[in-house]
Amino acid sequence: QVQLVESGGGLVQPGGSLRLSCAASGSIFSSYTMGWYRQAPGKQRELVATITDGGRTNYADSLKGRFTISRDNAKKTVDLQMNILKPEDTAVYYCSLKQSVWAYWGQGTQVTVSP
């Protein structure tokens, strides 16, 4: 089993920044992809960004330039730096880890962007 624990969510004003972190533990093999997804009220969960163990990144087109994903393979952590936040970024953000055919999810952390 794999456990993912997110931190760093909260309330921020439009134009502000937040940094989310996720720590993975458990039965983690040598090759895995980590990422962030989000789900706004009444909407489906959507991709934010992913990063492979080799550092290759993939972003949702609408978030390129504002969000940056990074990871520390030694610590088994993945971070998401979010800048110039907008009210439409309000959502529950979920950390993910995918290895082989298995996908694991964190509990989610709430991000609210509001004046």
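Residues numbered from 1 in each chain as written. Predicted model: local features only at pLDDT ≥ 70, side-chain atom pairs only at ≥ 80, totals over all residues. Heavy atoms only, no water.

K.L.:
Just checking my understanding: could you explain the pattern of salt bridges for this structure?
P.N.:
When the charged atoms of two side chains with opposite charge come close together, those side chains can pair. Counted according to the given criterion, the structure contains 5 salt bridges. In this structure, aspartate 61 engages lysine 64 in a salt bridge whose closest nitrogen and oxygen atoms are separated by 3.3 Å. Residue aspartate 61 shares its accessibility class with lysine 64, and that shared class is exposed. Aspartate 89 serves as the salt-bridge partner of arginine 66, at 2.8 Å between the closest nitrogen and oxygen. With arginine 66 in the loop between β6 (57-59) and β7 (67-72) and aspartate 89 in the loop between β8 (77-82) and β9 (91-99), the pair connects residues that are 23 residues apart, well separated along the chain. Neither residue differs from the other here; arginine 66 and aspartate 89 are each classed as buried. Several salt bridges converge on common partners, so that one network encompasses Arg38, Glu46, Arg66 and Asp89. (Salt bridge = Lys/Arg side-chain N within 4 Å of Asp/Glu carboxyl O. Buried < 20%, exposed > 50% of the residue type's maximum accessible area, 1.4 Å probe, protein only. Helix = DSSP H or I, 4+ residues; strand = E, 2+ residues; numbered from the N terminus.)

K.L.:
Where do I start with the nonpolar core in this structure?
P.N.:
Where a protein is soluble and globular, its nonpolar side chains tend to be buried together. In this structure, Leu4, Met34, Trp36, Leu80, Met82, Tyr93 and Leu97 are the most contacted members of the largest nonpolar core, which totals 30 residues. Residue assignment for this core shows that the elements contributing at least two residues are β1 (2-7), β3 (18-26), β4 (33-39), β5 (46-51), β7, β8, β9 and β11 (109-113). The contacts of tyrosine 93, once residues within four sequence positions are left out, are Glu6, Leu20, Trp36, Tyr37, Arg38, Val48, Phe67, Leu80, Met82, Gly108, Thr109 and Val111. (Core = buried A, V, L, I, M, F, W, Y, C linked by side-chain atoms within 4.5 Å. Contact = heavy atoms within 4.5 Å.)

K.L.:
Hey, could you run me through the pairing of β8 in this one?
P.N.:
Regular strands place side chains that alternate from one sheet face to the opposite one. Extensive coverage of β8 is indicated by the burial of 5 of its 6 residues. Of the strand pairs in this sheet, β3 and β8 are connected by 6 bridges, and their pairing is antiparallel. Opposite arginine 19, over in β8, you have glutamine 81 as the bridge partner. Between β7 and β8, which pair antiparallel and follow one another directly, the connecting turn spans 4 residues, one of which, lysine 76, has a positive phi of 60 degrees. (Pairing = 2+ DSSP bridges.)

K.L.:
Please explain the pairing of β11 as it appears in this structure.
P.N.:
Of the two faces of β11, only the one carrying Thr109, Val111 and Val113 is buried; Gln110 and Thr112 on the other face are not. With 3 bridges connecting them, strand β2 (residues 10-12) and β11 associate as parallel partners. In the sheet register, leucine 11 faces β11, and the bridge partner there is threonine 112. Bridge count between β9 and β11: 3 bridges; the pairing is antiparallel. Opposite alanine 91, over in β11, you have valine 111 as the bridge partner.

K.L.:
Would you mind going over unusual backbone geometry with me for this structure?
P.N.:
Trans is the prevailing form of peptide bonds, just as negative phi is the prevailing case for residues other than glycine. In the Ramachandran plot, isoleucine 84 falls in the positive-phi region, its phi being about 50 degrees despite a non-glycine side chain. With respect to the helices and strands, isoleucine 84 occurs in the loop between β8 and β9. Located in the positive-phi region is serine 100, a residue other than glycine, with phi close to 55 degrees. By the element assignment, serine 100 lies in the loop between β9 and β10 (102-105). Judged by relative accessible area, serine 100 falls into the exposed class, the value being 66%.

K.L.:
Which parts of the structure should I look at to understand the packing of aromatic side chains?
P.N.:
Any two aromatic rings considered together are summarised by their centre-to-centre distance and by the angle between their planes. Tallied over the entire structure, the rule returns 1 aromatic pair. An angle of 70 degrees between the planes, with centres 5.1 Å apart, marks the rings of tyrosine 37 and tryptophan 105 as edge-to-face. Remark: tryptophan 105 occurs in strand β10 and tyrosine 37 occurs in strand β4; sequence separation between them is 68 residues. In this structure tyrosine 37 comes out as buried when scored by relative accessible area, which is 13%. Arginine 45 extends its terminal NZ or CZ atom over the ring of tyrosine 94, reaching a point 3.7 Å from the ring centre. (Phe/Tyr/Trp six-rings, centres within 6.5 Å; stacked < 30°, edge-to-face > 60°. Lys NZ or Arg CZ within 6 Å of the ring centre and 35° of its normal.)

From the geometry alone we can't say anything about function, so treat these as descriptive.
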